[in-house]
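One-letter residues, chain by chain:
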Amino acid sequence: MTEPTQSAPNPAAPEAAITAALGKRLIVLVGMMGVGKSTVGRRLAARLRLPFVDADTEIETAADMTIPEIFESRGEDYFRNGEARVIARLLENGPAVLATGGGAFMREETRRRIHEKAVSIWLKADADVIMRRVRRRADRPLLQTADPEGTVARLLSEREPVYQLADLTIGSRDVPHDRVVEDCIEALQALLLPAPEAEVQPATPQSDPGQTDPVQADPVQADSMQTDSMQAMSALR
């Protein structure tokens, strides 16, 4: 009777090890509007069994206004100051996955707090990808201009050098969101979980080919050499 073949066990999933390595830190997603911070963030949080928090949603709740309403009635400076305060508060409530607005990482104080309290991931996307994703949405105050494409190009040129300061960079492109989430998991694993060091085997001593190892010497030959030496000494007497 043939016994059923047992499949090899799957390698341990890295999610639990990543969350353990994070400790109280958060994972903070930064990058331009339309790169998928909220969508990827929710799925990443589900994989890691962590809470997901959207900074824009928290800002709207705190202000009891939508972000377009805040821009229209109070201005961008008021919004940015409130954004910094909300993110500072959220960073004290880790661990979690936090999606931030496109301009949040531009403020030096916020970057410093994120560096101290979190691991940051820049979701990077090209301008054409961003425009395809945001063109039909009317909730982007910075794109309410006569030239949205030019605005995106300008923002990218201003912000990308700062986004590059994030701990990790992941490409956000036209693939299933779960593929981007998997990229994040792999990058976090590489950053937080150092690979085990290879076991170093002790080097085998190399003998000089011109010398005879006394331990390996032929005992018969050694006795013969000793006899010849004694005969030579007797001849000198």
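What you are looking at is a predicted structure, and each value in this text was computed from that prediction instead of being measured.

Visitor: Any chance you could explain the overall build of the chain here in plain terms?
Guide: Each helix and strand counted, the chain has 10 helices and 5 strands in total. Counting only residues that meet the buried cut, the chain has 36% of its 237 residues in that class. Look at the contacts in the chain between residues 6 or more apart in sequence, and 75% of them connect residues 24 or more apart. Summed over all atoms, the accessible surface of the chain reaches about 15200 Å², with 51% contributed by carbon and sulfur.

Visitor: Even after reading the chapter, I still don't get the environment of Arg42, so can you show me in this structure?
Guide: Among the secondary structure elements, Arg42 is positioned in helix H2 (residues 37–48). A sequence separation of 57 residues divides Arg42 from Ala99, and the C-alpha atoms of the two residues are 8.8 Å apart.

Visitor: How do you make sense of the nonpolar core when you look at a structure like this?
Guide: When a protein is soluble and globular, its nonpolar side chains tend to lie buried together. Counting residues in hydrophobic clusters, the biggest one holds 58 residues, and the most contacted among them are Ile27, Leu98, Ile121, Leu123, Ile130 and Leu188. The element contributing the most residues to this core is helix H9 (residues 177–192), with 7 residues. Discounting residues that sit within four places of it in the chain, Leu188 has contacts with Ile18, Ile27, Leu48, Val119, Ile121, Leu168 and Leu193.

Visitor: In this structure, what is going on with the pairing of strand E1 (residues 26–30)? I would like to understand it.
Guide: Each regular strand shows side chains that alternate between the opposite faces of the sheet. Among the 5 residues of E1, 5 are classified as buried, and the element is accordingly described as predominantly covered. Alternating positions in E1 separate into two faces, Leu26, Val28 and Val30 on one and Ile27 and Leu29 on the other, with burial throughout. Two strands pair when backbone bridges link them, and E1 and strand E4 (residues 118–124) are joined in this way by 5 bridges, in the parallel orientation. Bridged to Leu26 within E4 is Ala118.

Visitor: Explanation requested: the packing of aromatic side chains in the structure shown.
Guide: Scanning the model with the defined rule gives 2 aromatic pairs in all. Geometry around Tyr78 places Arg74 over its ring, the cationic atom sitting 4.9 Å from the centre.

Visitor: I would appreciate a short explanation of helix H6 (residues 108–117) in the present structure.
Guide: The α-helix advances 3.6 residues per turn, and as a result positions three or four apart in sequence lie on the same side. Listed as buried for H6 are Thr110, Arg111 and Ile114. End-on, the buried residues of H6 take up no more than an arc of 100°, which puts them together on one face. Every exposed residue of H6 that faces more than 90 degrees away from the buried side is listed here: Glu108 and His115. Against E1, helix H5 (76–90), E4 and helix H8 (148–163) lie the buried residues of H6.

Visitor: Looking at this model, I keep getting lost on the sheet that holds strand E2 (residues 52–54). Mind explaining?
Guide: Backbone hydrogen bonds are what pair the strands of a sheet, in a parallel or an antiparallel way. Strands sit in the order E2-E3-E1-E4-E5 across an open sheet of 5 strands; the sheet is parallel. In the strand order of this sheet, the two ends are held by E2 and strand E5 (168–171), each with one partner. Averaged over all pairs of adjacent strands, the angle between their axes in this sheet comes to 25°, without regard to strand direction.

Visitor: What should I look at first to understand H2 in this one?
Guide: In this model, H2 (12 residues) spans 16 Å end to end at C-alpha, consistent with the 16 Å of a helix rising 1.5 Å per residue. Here H2 has its buried residues at Lys37, Val40, Gly41, Leu44, Ala45 and Leu48. What you see down the axis of H2 is that its buried residues fit within an arc of 135°, all on one side. Residues of H2 that are buried make contact with helix H1 (15–22), E1, E2, strand E3 (97–99), E4 and H9. One or two steps after H2, the chain reaches Arg49, where phi turns positive at roughly 60°.

Visitor: Would you take a moment to explain the packing of helix H4 (residues 67–74) against H5 for this structure?
Guide: What describes two packed helices is the angle between their axes and the distance between those same axes. Contact geometry of H4 with H5 gives a least axis separation of 7 Å together with a crossing angle of 130°. Taken together, H4 and H5 sit at an angle that is classed as oblique. Every residue of H5 that contacts H4 at Ile67, Ile70, Phe71 and Arg74 is listed here: Glu76, Tyr78, Phe79 and Arg80.

Visitor: What is the right way to look at the environment of Leu50 in this model?
Guide: By secondary structure assignment, the location of Leu50 is in the loop between H2 and E2. For Leu50 and Pro95, which are 45 residues apart along the polypeptide, the C-alpha to C-alpha distance reads 7.0 Å. Look past the residues within four positions of Leu50 in its chain and what remains in contact with it is Thr19, Leu22, Ala45, Pro95, Ala96 and Val97.

Visitor: Looking at this model, I keep getting lost on the pattern of salt bridges. Mind explaining?
Guide: A side chain of one charge can pair with a side chain of the opposite charge if their charged atoms are brought near each other. The tally for this structure, following the rule as stated, stands at 16 salt bridges. Across the pair Glu15 and Arg47 runs a salt bridge, and its minimum N-O distance is 2.6 Å. Taken together, the residues Glu15 in helix H1 and Arg47 in helix H2 connect sequence positions 32 residues apart. Overall, Arg47 belongs to the partly exposed group, its relative accessible area being 30%.

Calculation criteria
- Residues numbered from 1 in each chain as written.
- Predicted model: local features only at pLDDT ≥ 70, side-chain atom pairs only at ≥ 80, totals over all residues.
- Heavy atoms only, no water.
- Helix = DSSP H or I, 4+ residues; strand = E, 2+ residues; numbered from the N terminus.
- Buried < 20%, exposed > 50% of the residue type's maximum accessible area, 1.4 Å probe, protein only.
- Contact = heavy atoms within 4.5 Å.
- Areas by Shrake-Rupley, 256 points an atom, 1.4 Å probe, with all protein chains shown as cover.
- Core = buried A, V, L, I, M, F, W, Y, C linked by side-chain atoms within 4.5 Å.
- Pairing = 2+ DSSP bridges.
- Phe/Tyr/Trp six-rings, centres within 6.5 Å; stacked < 30°, edge-to-face > 60°.
- Lys NZ or Arg CZ within 6 Å of the ring centre and 35° of its normal.
- Arc of directions from axis to C-beta.
- Axes fitted to C-alpha atoms, helices over the stretch in contact; angles between N-to-C directions.
- Expected span 1.5 Å × (residues − 1).
- Parallel < 35°, antiparallel > 145°, perpendicular 65-115°, else oblique.
- Salt bridge = Lys/Arg side-chain N within 4 Å of Asp/Glu carboxyl O.

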